[in-house]
Amino acid sequence: MNLIEKSKSFNTDCYFCTWLTQMLGRSREDQLTSEKQPRDYMTEELLFGKNGIAEVYPDIKKELIFLLDDGWDVGYNLHMGRNRDKFGSLVVNDERFPSCTGSPVQRLKKLNSLVKERGWKGLGLWICANACGETVKERLNTDEARKYWRERVGWCREAGILYWKVDWGHYERSEAFRRMLDEIAKEEYPQLIIEHAGCVQPLNGVEINNPHPNDSGRFSEWNNEHLHWLSIIRFARVFRTYDVINQLAVPTTLDRVYNTLRLGYENDTANCILNCEDEMYIGAALGLSLGIMRSEKWRPALPDIQDPTEYRNRITEVYRAMNWLLYFAPPMGVNEASVSASEERLTASHNCDDKIFSGKYSGKTVMQSAPAIITRGCVLPRVKYTEDEKPYIIASRNKTGAYSVASLCRKYGQSRYRTPLAETALFIDDPSAVIGVFGYHGSITLEYPLSILNYRVFMQDLALNAAEEITDCADIRDNRIVIDGKIINRIGRSANAGKDISEPGVVIKLVYRQN
């Protein structure tokens, strides 16, 4: 039995972003000593040549947008601050992409063809939040700006571009600018997905260059950033929760997600979807879209610092999360599910190393925190902690009726990461509902409104195509099922191969016994 029916899928608006893997072109020495950024290494050969970046994720790329990050429409050796007026042209740079010549539309069409020829769903583009030529003192007026961006939306319509990732620029903090882009797209090319972002520093509630021991580490207490984000998600189709440092990615992202979902739902915002970037199991368990950054081709120079949780060796998590979103529980809009959280918060801290954080948080100890338990569309699960430390537990009920629950990793000391085991009980309102379980658990208890003694229980690794019956392994008592975490670990990591250390991800389904 295969629990994953792939004959039909949901739209997810998920993409693979080239930014981290663009460093494939950089030697270790170059990464450590050069001021060059990943944008300086983006070339046609790096992306589309033999063993190029476009070869990643062969089994799901047809469902993913291939998003070119910062660098595709500018020349080499440009600085995002000093040379900001050079960004935002949306004209494919023919020095980087020599086969993409001709008019702006012809160049975009060729670039899109290169992506589709490699099996991807289509092309997405990183967009600077200002027009090419705009400086601090010289800006386009309103009419000029609308004409400029209308022309570029038109180019993308003719070229079939699917997605804009609107990032930093002179207008990165401007609600009016971002709203203008959305209005133009709706008029000229409504199929274009425009992703907006809050463009904040990578740590919640911590002042850059001067972190203070009393900084709260809370998104809701950070200079009204949560209200700025609320103003954008009122009209945005997709909103990205933005950059984090890898050492504290889980609590930083969780707190941003929780506060944004809560505020958005309470204020009855439009149907905006949150993108949580590379946090696979946060996205899967809370119904968010993904901006995948990790890949097996990413080669960090200082892996213990740049990739402390080994995302580069956790590729199967991407397949598991994507299959859950594609076939069972697609991303939900902010206003499609209520949000709840425990009063208890869990914290983590990190002493920032000069080699990575020079000029930002260098040498300072910073803290981040998030609610211990977060849910969307369902009641808070009951959690029994079996160790001194506690994991983050997140869960949701999707608009499809599917349930999901995840246990997330904690950080200890300066460089130790693990998921403490807990026993989690989740109420399921319908025996026909599928359940996605992600991460490491002591046990999972599924509680139903009626007896489920006449049901068989099946479990399947979300990265594989065959289920295993676990009826005899599970503890079934009247209206509840208790599944030992060891079963989830065994089945949920079946697809891991080689150096892959991906955490478990399974789908569970009850099947009524036929007499």
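Up top you'll find the structure we're talking about.
Residues numbered from 1 in each chain as written. Predicted model: local features only at pLDDT ≥ 70, side-chain atom pairs only at ≥ 80, totals over all residues. Heavy atoms only, no water.

(A) Looking closely at the packing of helix α3 (residues 104-117) against helix α4 (residues 142-159). Their axes nearest at 8 Å, the elements α3 and α4 cross at an angle of 45°. For the element pair α3 / α4, the angle class is oblique. Both α3 and α4 take part in a crossing whose hand is right-handed. Contacts between α3 and α4 involve Pro104, Val105, Leu108, Lys109 and Asn112 on the former and, on the latter, Trp155, Cys156, Glu158 and Ala159. Its residues assigned to classes, the contact of α3 with α4 comprises six nonpolar, one polar and two charged. (Axes fitted to C-alpha atoms, helices over the stretch in contact; angles between N-to-C directions. Helix = DSSP H or I, 4+ residues; strand = E, 2+ residues; numbered from the N terminus. Parallel < 35°, antiparallel > 145°, perpendicular 65-115°, else oblique. Left-handed = near helix turned anticlockwise from the far one by under 90°. Contact = heavy atoms within 4.5 Å. Nonpolar A, V, L, I, M, F, W, Y, C, P; charged D, E, K, R; others polar.)

(B) Fine view of the side chain of serine 443. Note on placement: serine 443 falls in strand β20 (residues 443-447). Overall, serine 443 belongs to the buried group, its relative accessible area being 9%. (Buried < 20%, exposed > 50% of the residue type's maximum accessible area, 1.4 Å probe, protein only.)

(C) Geometry of the nonpolar core. Counting 147 residues, the largest nonpolar core has Trp72, Trp149 and Trp164 as its most contacted members. The greatest single-element share of this core, amounting to eight residues, is contributed by helix α10 (residues 316-327). Beyond its immediate chain neighbours, meaning those up to four positions away, tryptophan 164 contacts Leu90, Leu125, Ile127, Trp149, Arg152, Val153, Cys156, Leu181, Leu192, Ile193, Ile194 and Glu195. Among the nonpolar cores identified, the runner-up in size contains 12 residues, and Cys17, Met23, Leu67 and Ile193 belong to it. (Core = buried A, V, L, I, M, F, W, Y, C linked by side-chain atoms within 4.5 Å.)

(D) The arrangement of the pairing of strand β5 (residues 193-197) in detail. Of all five residues making up β5, five are buried, and the element is well covered by its neighbours. Side chains of β5 alternate between two faces, with Ile193, Glu195 and Ala197 and Ile194 and His196 buried alike. For strand β4 (residues 163-166) and β5, the ladder comprises three bridges, and the chain directions are parallel. When the bridges of β5 are listed, lysine 165 appears paired with glutamate 195. (Pairing = 2+ DSSP bridges.)

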